[in-house]
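Listed below are the residues making up each chain.
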Amino acid sequence: MKGYIVNKAGVQTELPEFLSWDVCHGIGEPCDWFEVSFIYYSDQLSALRSACGFVAKNGAVTVFTGVVDEFSVSIDKNGSVVTISGRSNAAKLLDNELCAGEYAALSSAEMISSFITPFGISSVAAGTAKTVNAFTVSTGESAWSAVRRFCRYAWNTVPFFAPNGALILNDRQGNTVTVDALKDAASIDCSFERYGIISDIRVKNRVTGASYTINNDDFIASGGMSHRELTQPKTAGADAARYTAQYQIAESMRGKNTVKLWLTRQFACFPGDRVALTAAKLGESGTFKVISSHCWADSVSAGTTVTLEV
């Protein structure tokens with residue numbers, strides 16, 4: 001992997017060969033992150049101090065784009081090493097607050113121009129145009145928080161940043177990677193977390209007193225029981241979406257059933273990709289969505305850890 005730091009003017013400076021690196025991408029996390037280290041020489045100090053951006057490439061493929069949060073230099077009898085760390089472009093939205101406001105009808109195009117592009121993010125994949133009614137931005141809310149809520153209400157998706165720095169709002173049909181766990185994986189884990197999953201919700205109308213129940217049939221069939229009572233708000237609009245039974249049940253199931261692979265291949269896949277998995281010993285096969293990937297290399301080991309949502 002090769003790395004480059006970028007200053008405010010957009011000038012890139014190629015970094016020396018890395019001693020180690022960690023690169024992590026995910027869906028639903030506030031920020032992806034990176035950390036790299038290499039041998040330090042004093043003539044690097046000026047470029048390091050002016051660095052605000054970072055780009056990493058694996059061959060010709062960009063595998064990370066983000067911001068530099070900090071660097072540190074360590075000099076002792078063993079030598080001189082500099083470490084740089086930072087986050088993806090999500091940091092540009094997470095670190096900036098929006099003006100409080102109410103939008104009677106907020107279109108996806110207006111949301112992008114108001115919440116995203118002012119913070120230096122020009123590449124956005126929005127998909128089908130949507131409008132969300134009665135959308136409110138509260139005082140002190142970050143741009144990332146508002147964008148994330150809009151995506152949940154408009155498309156029922158979670159936004160994330162692709163390795164090239166593009167913001168994916170309306171999901172993404174990425175590549176499909178074939179993995180035979182017996183051949184390609186050093187190890188494999190699976191987990192299914194039942195705690196927190198909602199089995200059924202009774203929704204009550206605050207005004208009329210009428211009620212109805214929505215069931216999570218698959219969880220109930222497996223013996224699950226975790227009932228909730230929900231009262232609809234008096235006012236409609238975007239925030240009311242949080243008070244629907246379907247929304248609450250879907251949120252309770254997010255990330256509960258996963259498979260984690262330790263692959264020997266570097267940068268095997270990224271969030272938004274799919275893995276066609278055959279795991280005979282585990283007894284799990286199918287095509288599953290990648291929700292996180294962590295690639296690392298140092299003097300001891302190298303590989304990619306991939307988490308799939310089953």
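Rules used throughout
Residues numbered from 1 in each chain as written. Predicted model: local features only at pLDDT ≥ 70, side-chain atom pairs only at ≥ 80, totals over all residues. Heavy atoms only, no water. Helix = DSSP H or I, 4+ residues; strand = E, 2+ residues; numbered from the N terminus. Buried < 20%, exposed > 50% of the residue type's maximum accessible area, 1.4 Å probe, protein only. Contact = heavy atoms within 4.5 Å. Areas by Shrake-Rupley, 256 points an atom, 1.4 Å probe, with all protein chains shown as cover. Lys, Arg positive; Asp, Glu negative; His and termini not counted. Charge placed at Lys NZ, Arg CZ, Asp CG, Glu CD. Pairing = 2+ DSSP bridges. Expected span 1.5 Å × (residues − 1). Axes fitted to C-alpha atoms, helices over the stretch in contact; angles between N-to-C directions. Parallel < 35°, antiparallel > 145°, perpendicular 65-115°, else oblique. Nonpolar A, V, L, I, M, F, W, Y, C, P; charged D, E, K, R; others polar. Patch = residues over 30% accessible without salt bridge, like charges linked within 9 Å, V, L, I, M, F, W, Y side chains within 5 Å. Salt bridge = Lys/Arg side-chain N within 4 Å of Asp/Glu carboxyl O.

Some remarks on the overall build of the protein
- When helices and strands are tallied, the protein shows seven helices and 21 strands.
- Overall size of the protein, expressed as C-alpha extent along the three principal axes, is 75 × 55 × 35 Å.
- Within the protein, the proportion of its 310 residues that are buried is 43%.
- Within the protein, residue pairs in contact and separated by at least 24 positions form 62% of the contacts whose partners lie at least 6 positions apart.
- Accessible area for the protein stands at about 15,800 Å²; split by element, carbon and sulfur atoms hold 49% of it.
- Side-chain charges of the protein comprise 27 positive and 30 negative groups, with the mean position of each set lying 5 Å from the other.

Description of the pairing of strand 16 (residues 211-215)
- Of the strand pairs in this sheet, strand 15 (residues 200-204) and strand 16 are connected by five bridges, and their pairing is antiparallel. Looking at strand 16, one finds that Ile201 is bridged to Ile214.

Examining helix 4 (residues 143-154)
- With twelve residues, helix 4 ought to run about 16 Å at 1.5 Å a step, and its terminal C-alpha atoms sit 16 Å apart, in line with that.
- Each element contacted by the buried residues of helix 4 is listed here: helix 2 (90-94), strand 8 (101-107), helix 3 (108-115), strand 10 (131-137), strand 11 (160-161) and helix 7 (245-253).
- Just downstream of helix 4 lies Asn156, where phi reads positive at about 60°.

Some details on the packing of helix 3 against helix 4
- One can describe the packing of helix 3 onto helix 4 by two numbers: an axis separation of 11 Å at closest approach and a directional angle of 170°. By the angle class used here, helix 3 and helix 4 are roughly antiparallel. On helix 4, the residues touching Ser108, Met111 and Phe115 of helix 3 are Ala143, Ala146, Val147 and Phe150.
- For the contact of helix 3 with helix 4, the residue count by class is six nonpolar, one polar and no charged.

Description of a nonpolar patch on the surface
- Together, Leu19, Ile39 and Tyr41 make up an exposed nonpolar region whose accessible area comes to about 300 Å².
- The topology assignment puts Tyr41 in the loop between strand 4 (33-39) and helix 1 (45-50).

Examining the sheet that holds strand 9 (residues 124-125)
- The mixed open sheet is built from three strands, whose spatial order is 9-12-11. The sheet is open, and its two edges are formed by strand 9 and strand 11, each paired on a single side.
- Looking at chain direction, strand 9 and strand 12 (residues 167-168) are connected through two bridges and run parallel. The residue of strand 12 that forms the bridge with Val124 is Leu167.

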